[in-house]
Amino acid sequence: MTHLVVFLGPPGAGKGTQAIKIASEFNLAHISTGDMLRQHVKEQTDLGKIAKSLLDEGKLVPDDLVIQMLIERLSHDDCLGGTILDGFPRTLPQAKSLEKINDKFPVVKVIVFEADQEELTKRILLRGETSGRGDDTEDSIRVRLEVYQKDTEPLITYYEDKGITTKINAVGNVDDIYKEISKEFIK
Ligand code: AMP
């Protein structure tokens, strides 16, 4: 059985940074669907060709494509000891797709990253100066934050109802936030 821990939160909240640190400290696999999609774009695969303009505009890639990509990735051996999902699920159908495979891949914990919109926009624009990401632009950030509020934020209640969420204040020092999150993995 591969336990899944979901890192849920708006773009720019630091999910990726924290996921890398936690995964290495606690020997977990780290799956970032954003990183996987960017790799597809780079390699110009069929999926990459469909995803490119959506990523640049800050829109979501269709559920069925992302779900298929994620499920295939979960079947790799490195996921056996537990996996952090960074950037998935982002919609209710994506969350429900995890329910369907729940006996093999149960979601045991959801870390909810909280930060205000102004702070996030600032952070992403700053990141854009060095990230080389085509979607770290003002127009795309606006869309990404809107998409988050509309499609992804409802997942917080969805997982709260299951009693598996922990909220983290994602504004502040990276190491302090890391300490907060690690408490959830030692218990
Ligand atoms: P991220 O690196 O998580 O910020 O993701 C970058 C972009 O990849 C998003 O703005 C979407 O276009 C796409 N993406 C990543 N994860 C998903 C997902 N779970 N569902 C749909 N699109 C996604």
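Bear in mind that the values here come from a model prediction, so they are computed numbers and not experimental data. (Residues numbered from 1 in each chain as written. Predicted model: local features only at pLDDT ≥ 70, side-chain atom pairs only at ≥ 80, totals over all residues. Heavy atoms only, no water.)

## Let's talk about the pairing of strand β5 (residues 165-169)
Basically, it comes down to this: Accessibility here uses a 1.4 Å probe with only protein chains present; expressed as a share of the type maximum, an area under 20% marks a residue as buried, one over 50% as exposed, and anything in between as partly exposed. Each helix corresponds to a stretch of at least 4 residues labelled H or I by DSSP, and each strand to a stretch of at least 2 residues labelled E; elements are numbered beginning at the N terminus. Whether two strands pair comes down to DSSP finding at least two bridges between them.
Burial along β5 is one-sided: Thr 166 and Ile 168 are buried, and none of Thr 165, Lys 167 and Asn 169, which face the opposite way, are. Where strand β4 (residues 107-114) lies against β5, five bridges are found, and the strand directions are parallel. Bridged to Val 110 within β5 is Thr 165.

## Digging into helix α2 (residues 33-43)
Worth spelling out the cut-off: Each direction from the helix axis to a C-beta atom contributes to the arc, which is the arc of those directions. Any pair of residues with heavy atoms lying within 4.5 Å of one another is described as a contacting pair.
Within α2, the full set of buried residues consists of Thr 33, Met 36 and Leu 37. Burial along α2 is one-sided: seen end-on, the buried residues are contained in an arc of 95°. Packed against the buried residues of α2 are β2 (29-32), α3 (46-57), α4 (63-74) and β3 (83-86). Just downstream of α2 lies Gln 44, where phi reads positive at about 50°.

## What about the site of the ligand?
Stated precisely, the cut-off is as follows: Whether a residue is near a molecule or strand depends on its heavy atoms: if one lies within 4 Å, it is near. Any pair of nitrogen or oxygen atoms within 3.5 Å is treated as a polar contact; in protein, a donor-acceptor pairing is required on top of that, and neighbouring residues in sequence qualify only through side-chain atoms on both sides.
As a structural note, the neighbourhood of the ligand is formed by 15 residues, with Thr 33, Arg 38, Lys 59, Gly 87 and Gln 94 the closest of them. Within the backbone of Val 61, a nitrogen or oxygen atom sits 3.1 Å from a nitrogen atom of the ligand. Separating a nitrogen atom of the ligand from a side-chain N or O atom of Gln 94 is a distance of 2.9 Å.

## Regarding the packing of aromatic side chains
As a reminder of what qualifies: Between the rings of Phe, Tyr and Trp (Trp by its six-membered ring), a pair exists once the centres lie within 6.5 Å; its type follows the angle of the planes, with under 30 degrees stacked, over 60 edge-to-face, and the other angles tilted. The rule for a charge over a ring is simple: NZ of Lys or CZ of Arg within 6 Å of the ring centre, and within 35 degrees of the ring normal.
Under the defined criterion, the tally for this structure stands at three aromatic pairs. Between the aromatic rings of Phe 7 and Phe 113, the centroid separation amounts to 5.4 Å while the plane-to-plane angle is 50°, which identifies the pairing as tilted. With a gap of 106 residues between them, Phe 7 in strand β1 (residues 4-8) and Phe 113 in strand β4 connect regions that are remote in the sequence. Residue Phe 7 is classed as buried on the basis of its relative accessible area of 1%. The class of Phe 113 is buried, set by a relative accessible area of 2%. Geometry around Tyr 178 places Lys 21 over its ring, the cationic atom sitting 5.0 Å from the centre. The ring centre of Tyr 158 lies 4.6 Å from the NZ or CZ of Lys 162, which sits over that ring.

## With respect to the pattern of salt bridges
Stated precisely, the cut-off is as follows: Definition used for salt bridges: Asp or Glu carboxyl oxygen within 4 Å of a side-chain nitrogen of Lys or Arg.
Applying the stated criterion across every chain, the model contains 19 salt bridges. One salt-bridge network, held together by shared partners, links Arg 127, Arg 133, Asp 135, Asp 136 and Arg 144.

## A look at the nonpolar core
Stated formally: Buried residues of nine kinds, namely Ala, Val, Leu, Ile, Met, Phe, Trp, Tyr and Cys, make up a nonpolar core once their side-chain atoms join them within 4.5 Å.
One finds Val 61, Leu 74, Leu 85, Leu 98, Val 107, Val 110 and Tyr 159 to be the most contacted residues of the largest nonpolar core, which totals 33 residues. Counting residues per element, the ones that place at least two in this core are β1, β2, α2, α3, α4, α5 (92-100), β4 and α8 (154-160). No other element matches α4, which puts five residues into this core. If sequence neighbours within four positions are ignored, Leu 85 has contacts with Leu 4, Val 5, Val 6, Phe 7, Ile 31, Leu 70 and Leu 98.

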